[in-house]
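# A structural walkthrough
Residues per chain, in single letters:
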Amino acid sequence: MKVAVVVFPGSNCDRDCEHVLARVVGASVRMVWHRDSELPPVDLAVLPGGFSYGDYLRTGALAACSPIMEAVRRHAQRGGLVLGICNGFQILVESGLLPGALLRNASLKFICRTVGVRVERTDTPFTSRYAEGQVLRLPIAHADGAYWADPVMLSRLKDGGQIVFRYAPLGGGEANPNGSVEAIAGICNETRNVLGMMPHPERASESELGSRDGRALFESALDALCGAA
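Below, the structure is looked at part by part. (Residues numbered from 1 in each chain as written. Predicted model: local features only at pLDDT ≥ 70, side-chain atom pairs only at ≥ 80, totals over all residues. Heavy atoms only, no water.)

## Concerning the sheet that holds strand S1 (residues 2-7)
- Pairing is mixed across the open sheet formed by nine strands, whose spatial order is S2-S1-S3-S4-S11-S10-S9-S6-S7. Of all the strands in the sheet, the pair left with one neighbour each is strand S2 (28-33) and strand S7 (135-142). Sheet twist, expressed as the mean angle between neighbouring strand axes with direction ignored, is 25°.
- Across the sheet, helix H3 (residues 87-94) lies against strand S3 (44-47), strand S4 (81-85), strand S10 (184-188) and strand S11 (194-197), angled at about 120° from S4, the strand it touches most. (Pairing = 2+ DSSP bridges. Helix = DSSP H or I, 4+ residues; strand = E, 2+ residues; numbered from the N terminus. Axes fitted to C-alpha atoms, helices over the stretch in contact; angles between N-to-C directions. Contact = heavy atoms within 4.5 Å.)

Printed below as a string of structure tokens:
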């Protein structure tokens, strides 16, 4: 599996993603600067977490205009896999690759803790190694992570099976830590090759970090690509 991890000014989870993909999953990883206009030949493009452009203007809005995003759009249109984590999810929404919006947390506070994340779909390239209804232990770290969609859009997401992850109680914790509509934690596009999620699977891919539940997401992508090949 060949992977590009896009680095924006303010990214802070790019090396985490590189480590998991290269050293844990065994992928070939290239770091790509946001001002590049082309992606190298890759199977998966990852938009990592962080604070692109310092979250000025609106989270992800400036990064969505970076030259590399045109290449990411073309990659997605060709059927290539795209994964946006946290700030990467915000960028995917701002760039129009995924519907909806990410708003300020209901608490108006930055949230950084491990939460429960329930798997709603296993028929995507990123979730085949999970069981439907399985609750994962994944960390979140964001101030603008409340997913929002209007009633019409929400109905389309449900009808299209695009809601991939929802927040769920974990050890007495909150079922919806940031106030997302219907506790949505991650969605995919209609063709299921683009996934955006607020929780950080790369921070929960090794037992030393307290959870390995995120590792199967990257391994699912590897399975999908090997199957396609």
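Once the structure has been displayed, the description carries forward.
## Digging into the pattern of salt bridges
- Tallying each qualifying case throughout the model produces 14 salt bridges.
- The shortest N-O distance in the salt bridge between arginine 118 and glutamate 120 comes to 2.6 Å.
- Classification of arginine 118 by relative accessible area gives partly exposed; the value is 28%.
- It is possible to trace a salt-bridge network through shared partners that takes in Arg118, Glu120, Lys158, Arg166 and Glu182. (Salt bridge = Lys/Arg side-chain N within 4 Å of Asp/Glu carboxyl O. Buried < 20%, exposed > 50% of the residue type's maximum accessible area, 1.4 Å probe, protein only.)

## Digging into unusual backbone geometry
- Its identity as a non-glycine residue notwithstanding, aspartate 55 has a phi of 60°, on the positive side.
- By the secondary structure assignment, aspartate 55 is in the loop between S3 and helix H2 (68-77).
- Aspartate 55 gets classed as partly exposed once you look at its relative accessible area, which sits at 23%.
- Even without a glycine there, the phi angle at alanine 183 is positive, about 55°.
- In this structure, alanine 183 sits in the loop between strand S9 (163-168) and S10.

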